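Analysis of the macromolecular model
So the chains spell out like this:
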Amino acid sequence: MNLSTYKQEEFIDFSQEENVKKLQEAFRKVEAQFGQYAPMIIDGKRVDREDTFVSINPNQPSQVIGQYPVGTPEDVDRAVEAAEKAFDSWRRVPPVDRAALCVHLANLFRKYRYELIALMVLEVGKSWEEADAEVAEGIDHFEYIAREMLRYAKGRKLHPFPGEMNEYRYYPLGVGAVISPWNYPIGISIGMISAAIVAGNTVVFKPSSDCPAISQFLMKIFEEGGLPPGVVNLVYGSGSIVGEYLARHPRIKFVGFTGSKDVGQKIALYAATLSEGQYWFKRTILELGGKNAIIVDSSADLEEAVNGIMAASFGYQGQKCSACSRAVVLEDVYDQFVSMISEKTNKMEVGPVKEHYFCGAVINKAGFDKILGYIEIGKQEGKLVAGGETLDREGYFIKPTIFVDVDEKARIAQEEIFGPVLSVIKAKDFDDALRIANNTIYGLTGGVYSKNPYHLSKAKDEFYVGNLYLNRKNTGAWIGSHPFGGYNMSGTNSKLGGPDYLLNYLQSKTIAQKVSL
Ligand code: NAD
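This write-up is about the structure you can find in this document. (Residues numbered from 1 in each chain as written. Predicted model: local features only at pLDDT ≥ 70, side-chain atom pairs only at ≥ 80, totals over all residues. Heavy atoms only, no water.)

Brief notes about the pairing of strand β9 (residues 254–258)
Rules: Buried residues are those whose accessible area, probed at 1.4 Å on protein chains only, stays under 20% of the maximum for their type, while exposed residues exceed 50% and partly exposed ones sit between those limits. A run of H or I in DSSP counts as a helix once it spans at least four residues, and a run of E counts as a strand once it spans at least two, with each numbered from the N terminus. For two strands to pair, DSSP has to find at least two bridges joining them.
A large share of β9 lies buried, amounting to five of its five residues. Side chains of β9 alternate between two faces, with F254, G256 and T258 and V255 and F257 buried alike. Summarising the sheet, strand β6 (residues 175–179) and β9 pair through four bridges and their orientation is parallel. Among the inter-strand pairings, G176 is bridged to a residue of β9, identified as F254. Across five bridges, the pairing between β9 and strand β10 (residues 283–287) is parallel.

So this is what it looks like as structure tokens:
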């Protein structure tokens, strides 16, 4: 394996008839399996529970994807035990072999690419293109982290010390928890799992209850790829019971968590609280929510800005941590911007993503109700110029929604809504726009549309976000090119998909050995 050969996976071109046919075939294949029961997987064995929950298609809630056991704290105990047992041998597998296995797993993702896309369209409501981009991201994670492991396996060079041979080596941490959200059931889960296991750790994986079928598919790929039993253990269950028990577990060494700010805060607290029998500080890798802004200044190409902001605000129905939810627009182009974006947004079509709509349903009833609640608040806090409505059909559909003349301190301008709702805020000048953009508790992504080099340069230093995008949309991170992680309450800045990420899952050891002269 050569470090220089990492290459990002290309996307599928769905304007080609043959690719559409392959996807239709994949829909048929995965739908033929729907409705079945699938277990948890601990130490490579099936684990069932009488108590079950179902996963449904948010674009057609009457369609049941599958049925799954509700895990319990005892299942977490068993999974931690299995992961401990597996750690003893997995940590001794040479890093190059763990890396090679990751590349093999990437190839299995390629083999199942269309089925994974179909399942994501149906289980979490991604458009074809968004689902494909995410499968490609999963492949990239494996390919990238494998090469990163080879780099870290060489250790670091130290300053020479007379009479000694000194080394700096990296070792895995041990058993960890990976707790992931539903909105990137492959990208985020594989991002955390691949880094954890390539480093030699073993994992208890607790995915969101909105994507159990996709998590099951990931386990199938791990098994087919020859990952030893116990290296990744799948436990289903509620966040507040199973998730909390896992994050508090005295025998885990780290928690890789991606999700909301509120839960992330709790995880930080659980991990910081020593349990009986625990004699180490748990590491937390927390990547959380955002209230991301894009600034549009007077020199910007307004057409480009409008298109970029619409894609970033309404792609995957605004359910991306990186999504743009605030457009901060300078007053001299404000009216023109508002008229352009509202006209275009009002023409956007919404419908079932399986039928190749760009905008489909939001994830579930709770999310749907929460977003509609914010739309009601928005009607008090701003002027509705697009959307604000649902579709009169089965499914959790909400039209792309825009409020203008929103105060920077309004709730819809401060709180993460996690749906297709954009607030437009007027700024006096560029400094005012930057101040407004920075004025939330978050700091995940940000963007600027401008042709003014002074403004762009100022944004590089003063826009307080972990991921800044200039003259392009602020969503869509390519592994290796756009390492991802936020500031402030958006997380611990772990930079998934970047050169420092693997360090989160490793500990270093220095070895000083006296040499006889
Ligand atoms: P969530 O916080 O509700 O749940 C995330 C995971 O945590 C789920 O597996 C859930 O079961 C579990 N969980 C819930 N309560 C828990 C508890 N008390 N203890 C332990 N685990 C618990 O988030 P979600 O709705 O699944 O995902 C959406 C959120 O994730 C948004 O806020 C979004 O911005 C964020 N997100 C952030 C990133 C990023 O990279 N920064 C990426 C994707 C999503």
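What follows picks up the thread again.
Observations concerning the nonpolar core
What counts here: In this text, buried Ala, Val, Leu, Ile, Met, Phe, Trp, Tyr and Cys residues form a nonpolar core when linked through side-chain atoms within 4.5 Å. It only takes one pair of heavy atoms within 4.5 Å for two residues to be counted as in contact.
F109, I186, F205, F222, V232, L502 and Y505 are the most contacted members of the largest nonpolar core, which totals 106 residues. Here the element with the most residues in this core is helix α5 (residues 128–153); it accounts for ten residues. With sequence-adjacent residues up to four places away left out, L502 is seen in contact with I145, E148, M149, Y152, A195, V198 and A199.

A word on the site of the ligand
To keep it simple, the criterion reads: Proximity criterion: a residue is near a molecule or strand once any of its heavy atoms comes within 4 Å of it. Polar contacts here mean pairs of N or O atoms no more than 3.5 Å apart (in protein, one a potential hydrogen donor and the other a potential acceptor; neighbouring residues in sequence count only if both atoms are side-chain atoms). Basically, the charged four are Asp, Glu, Lys and Arg, the nonpolar ten are Ala, Val, Leu, Ile, Met, Phe, Trp, Tyr, Cys and Pro, and anything else, Gly included, counts as polar.
Surrounding the ligand, one finds 27 residues, the nearest of these being S180, K206, S260, L288 and E416. Interatomic distance of 3.0 Å between a side-chain N/O atom of W182 and an oxygen atom of the ligand. Contacts to the ligand include S260, whose side-chain N or O atom sits 2.6 Å from an oxygen atom. Going through the elements one at a time, α8 (239–248), β9 and α9 (261–272) are the ones with two or more residues in the shell around the ligand. Its residues placed into classes, the shell around the ligand shows 14 nonpolar, nine polar and four charged.

Examining the packing of α5 against helix α6 (residues 187–198)
Counted only if it meets this: Only the stretch in contact is used when fitting a helix axis, every axis being a line fitted to C-alpha atoms; angles between N-to-C directions are given from 0 to 180 degrees. Each angle receives one of four descriptions, namely roughly parallel if under 35 degrees, roughly antiparallel if over 145, roughly perpendicular if within 65 to 115, and oblique otherwise. Crossing handedness: left-handed means the near helix sits turned counterclockwise from the far one by under a right angle, and right-handed means the same turn made clockwise.
Close contact between α5 and α6 brings their axes to 9 Å; oriented N to C, the two are set at 20°. Taken together, the axis directions place α5 and α6 in an arrangement best described as roughly parallel. When the axes of α5 and α6 are compared, the crossing they make is right-handed. Each of E134, E137, G138, H141, F142, I145, A146 and M149 in α5 lies in contact with α6, whose residues at this interface are G187, I190, G191, S194, A195 and V198. Split by residue class, the contact of α5 with α6 holds seven nonpolar, five polar and two charged.

Focus on the sheet that holds strand β17 (residues 467–470)
Remark on secondary structure: sheet strands pair via backbone hydrogen bonds, oriented parallel or antiparallel. Spatially, seven strands are ordered β13-β14-β15-β12-β11-β16-β17 in an open sheet, and the strand pairing comes out mixed. A strand with exactly one partner marks an edge of an open sheet, and here the two such strands are β13 (383–386) and β17. With strand direction ignored, the average angle separating the axes of adjacent strands in the sheet is 25°. As paired strands, strand β11 (residues 292–296) and strand β12 (residues 324–330) are joined by five bridges and run parallel to one another. In the strand pairing of β12, V296 is matched with V329. Sitting on the sheet, helix α11 (residues 331–346) is in contact with β11, β12, β13, β14 (401–404) and β15 (421–427), with an inclination near 140° to β12.

Notes on unusual backbone geometry
For H356, which is not glycine, the phi dihedral falls at a positive 70°. By secondary structure assignment, the location of H356 is in the loop between α11 and α12 (365–381). Note on H356: relative accessible area 31%, which makes it partly exposed. Even without glycine at this site, N488 takes up a positive phi of about 50°. Turning to its location among the elements, N488 is positioned in the loop between β17 and β18 (506–514).

Here's the deal with the packing of aromatic side chains
Test applied: Any Phe, Tyr or Trp ring, taking Trp's six-membered ring, that has another such ring centre within 6.5 Å forms a pair; planes under 30 degrees apart are called stacked, those over 60 apart edge-to-face, and the others tilted. Ring-over charges, as used throughout, are those where CZ of Arg or NZ of Lys falls within 6 Å of the ring centre and within 35 degrees of the ring normal.
Taken as a whole and assessed by the stated rule, the structure comprises 18 aromatic pairs. Considering the side-chain rings of Y152 and Y170, the 5.2 Å spacing of their centres and the 80° angle between planes classify their relative orientation as edge-to-face. Pair noted here: Y152 is in helix α5 and Y170 is in strand β5 (residues 164–172), with a separation of 18 residues, a long-range link. Looking at Y170, the relative accessible area reads 14%, which means it is buried. Members of the aromatic cluster, each reached through a chain of ring pairs, are F14, F27 and W128. Here the guanidinium or amino end of K220 rests over the ring plane of F217, the centre of that ring lying 5.3 Å away.

As for α8
An α-helical segment advances 3.6 residues per turn. Residues three or four places apart therefore align on the same side. The line we're drawing: The arc in question is the one traced by the directions running from the helix axis out to the C-beta atoms.
Within the span of α8, buried status applies to V242, G243, L246 and A247. Taken around the axis of α8, the buried residues stretch over an arc of 125°, which confines them to a single face. Facing away from the buried surface of α8 by more than 90 degrees, the exposed residues are S240 and I241. On its buried face, α8 sits against α2 (73–90), β6, β7 (202–206), β9 and α9.

A closer look at the pattern of salt bridges
If charged atoms from side chains of opposite charge come close, those side chains can pair. Let me state the cut-off plainly: Salt bridges are counted wherever a side-chain nitrogen of Lys or Arg sits within 4 Å of a carboxyl oxygen of Asp or Glu.
Under the counting rule described, the total for this entry stands at 32 salt bridges. E244 is paired through a salt bridge with R248; the nearest N and O atoms lie 2.8 Å apart. Of the two residues, E244 and R248 are both situated in helix α8; the distance of four residues between them amounts to about one turn of the helix. By sharing partners, the salt bridges in this structure join E9, R110, R113, D132, E143 and R147 into a single network.

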